[in-house]
Amino acid sequence: MSSDIKHVAIIMDGNGRWANQRLHPRVWGHVRGSGVVSDIVQAADDNGIKALTLYAFSTENWARPQDEVGVLFKLLHKFLLKESKRLIANKVSFKVIGDVTRLPQATKNLINDLENETKSFPGLKLTFCFSYGARMEMVSAINKFISENPGKTITEDDLQSCFMRPETGDVDLLIRTGGEQRVSNFLLWQIAYAELYFTPTKWPDFTPSEFKRILESVSKRERRFGGLSASSNVNHPSIDRQLEVQSSHV
Ligand code: FPP
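Residues numbered from 1 in each chain as written. Predicted model: local features only at pLDDT ≥ 70, side-chain atom pairs only at ≥ 80, totals over all residues. Heavy atoms only, no water.

Asks: Looking at this structure, how should I read the site of the ligand?
Replies: If you check the shell around the ligand, you find 17 residues, and the closest are Asp13, Gly16, Arg17, Arg26 and Arg64. In the model, an oxygen atom of the ligand is placed 2.9 Å from a nitrogen or oxygen of the Asp13 side chain. One nitrogen or oxygen atom from the main chain of Asn15 is found 3.2 Å from an oxygen atom belonging to the ligand. Protein chains bury 92% of the 630 Å² of accessible surface belonging to the ligand in isolation. Among the detected pockets, the ligand sits in the largest pocket. Of the residues belonging to the shell around the ligand, the class tally is seven nonpolar, six polar and four charged. (Near = heavy atom within 4 Å. Polar contact = N/O pair within 3.5 Å; in protein donor to acceptor, adjacent residues only side chain to side chain. Areas by Shrake-Rupley, 256 points an atom, 1.4 Å probe, with all protein chains shown as cover. 1 Å grid on protein atoms, 1.4 Å probe; cavity = no way out; pocket = protein on both sides within 12 Å on 5 of 7 lines; lining within 4 Å. Sits in = over half its atoms within 2 Å of the grid points. Nonpolar A, V, L, I, M, F, W, Y, C, P; charged D, E, K, R; others polar.)

The structure is reproduced here in structure tokens:
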């Protein structure tokens with residue numbers, strides 16, 4: 001199933017509204033949402049997805065109240081404590097991309113340990129984007145290239161290879177929960193030919209079965225990557241005649 005969908009990226013949106021609708025503080029939504037993360041990681045693995053990239057905290061999210069930012073830090077820490085064993089058992093290769101310098105040292109240690117232990121694992125490539133922004137990733141990739149190759153012209157492949165997790169490659173499917181229809185500075189280069197799917201379901205209500213339905217639905221779409229479908233009739237014998245007629249009118 002969904003054999004051509006190998007890399008799924010998700011903008012996990014709607015936590016705050018989910019909580020507010022229940023008259024809870026916004027952070028409740030993040031707490032519930034972090035539980036959903038484990039379910040969807042498992043579902044991705046179960047459905048044969050090779051890479052799953054999750055937007056957990058954007059460069060713009062630093063503008064949120066400090067207590068909300070603190071809760072997101074704690075949830076990342078708790079996730080690592082709780083899920084590391086399962087990720088290792090499932091041979092998941094884990095990485096955090098983004099600017100993690102402002103995370104607490106204890107969390108950075110957990111990340112480093114898990115990244116090191118799982119880096120050569122053959123299973124699902126799970127990436128958390130934390131303090132991440134696509135423009136920042138592109139600028140730092142270009143700067144990395146310039147400093148390693150002074151005076152050289154950069155190619156698309158060079159740029160791709162300087163990204164924070166180049167081996168995950170292009171995104172095949174970008175899902176955004178929570179009803180908004182925008183890409184919010186997420187993997188802008190990698191989603192160039194991604195299929196987009198926007199669901200009104202808020203992240204804390206997102207389930208493995210909805211995830212599976214989305215994969216099934218999107219795998220029926222025809223992806224043409226700017227070309228034509230196999231069934232397109234490109235053989236129009238009269239086209240030369242039409243072009244002749246048109247140019248005689250110019
Ligand atoms: C967007 O919802 C969500 C985030 C900014 C954070 C996403 C984080 C999680 C799902 C939990 C973190 C878990 C781990 C394991 C790192 P929003 O707050 O913008 O929702 P709103 O649009 O309803 O306000």
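Asks: Would you mind showing me how to read empty space enclosed by the protein here?
Replies: Here the structure, examined in full by the defined rule, presents two cavities of 30 Å³ or more. Here the largest cavity is characterised by a volume of approximately 80 Å³. Lining the largest cavity are 13 residues, and of these Ile97, Arg165, Thr168, Leu187 and Gln190 sit closest to its centre. Looking at the lining of the largest cavity residue by residue, the class counts come to four nonpolar, seven polar and two charged. Lining of the second largest cavity is provided by Ser38, Val41, Gln42, Phe79, Glu83, Arg86, Leu87 and Asn90. For the lining of the second largest cavity, the leading source of residues is helix H3 (residues 66-89), giving four residues. (Points joined across faces, edges and corners; volume = space filled by probe spheres on them. Helix = DSSP H or I, 4+ residues; strand = E, 2+ residues; numbered from the N terminus.)

Asks: Explain the pairing of strand E1 (residues 7-11) to me, please; I cannot follow it from the model alone.
Replies: Each regular strand shows side chains that alternate between the opposite faces of the sheet. In terms of burial, E1 is largely enclosed, as five of its five residues are buried. Relative to strand E2 (residues 51-58), E1 runs parallel, the two sharing five bridges. Following the sheet pairing, Ile11 is matched in E2 by Tyr55. For E1 and strand E5 (residues 173-176), the ladder comprises four bridges, and the chain directions are parallel. (Buried < 20%, exposed > 50% of the residue type's maximum accessible area, 1.4 Å probe, protein only. Pairing = 2+ DSSP bridges.)

Asks: Help me understand the pattern of salt bridges in this model?
Replies: Note that side chains of opposite charge can pair when their charged atoms are close. Applying the stated criterion to the full structure yields 13 salt bridges. Taking the shortest distance from any N to any O, the salt bridge between Arg17 and Asp13 comes out at 3.4 Å. On the accessibility criterion, Arg17 (32% relative accessible area) is partly exposed. Here Arg223 ties to Glu195 by a salt bridge, and the two come within 3.8 Å at their closest N and O atoms. Residue Arg223 is located in the loop between helix H7 (208-219) and helix H8 (239-248), and its partner Glu195 is located in strand E6 (residues 195-198); the two are separated by 28 residues in the primary sequence. Within this structure, Asp13, Arg17, Arg176, Glu180 and Arg182 form a network of salt bridges that share partners. (Salt bridge = Lys/Arg side-chain N within 4 Å of Asp/Glu carboxyl O.)

Asks: Where do I start with H7 in this structure?
Replies: Over its 12 residues, H7 runs 16 Å from end to end, which matches the ideal 16 Å to within 8%, given 1.5 Å per residue. Within H7 the residues assigned to the buried category are Glu210, Phe211, Ile214, Leu215 and Val218. Taken around the axis of H7, the buried residues stretch over an arc of 140 degrees, which confines them to a single face. (Expected span 1.5 Å × (residues − 1). Arc of directions from axis to C-beta.)

Asks: Could you clarify how one ought to interpret the environment of Asn15 in this entry?
Replies: Examined against the element boundaries, Asn15 turns out to sit in helix H1 (residues 15-21). Placed 11 residues apart in sequence, Asn15 and Arg26 show a C-alpha to C-alpha distance of 6.9 Å. With residues up to four places along the chain from it excluded, the contact list for Asn15 reads Arg26, Gly29, His30, Gly33, Trp203 and Pro204. (Contact = heavy atoms within 4.5 Å.)

Asks: Looking at this structure, how should I read helix H4 (residues 105-118)?
Replies: Each α-helix winds once per 3.6 residues, and so residues spaced three or four apart point in a common direction. Between the first and last C-alpha of H4 there are 20 Å, a value that for 14 residues agrees with the 20 Å anticipated at 1.5 Å per step. Inspection of H4 places Thr107, Ile111, Leu114, Glu115 and Thr118 among the buried residues, and these make up the whole buried set. Buried residues of H4, seen end-on, are gathered within an arc of 100 degrees and therefore sit on one face of the element. Buried residues belonging to H4 abut H3 and strand E3 (93-97).

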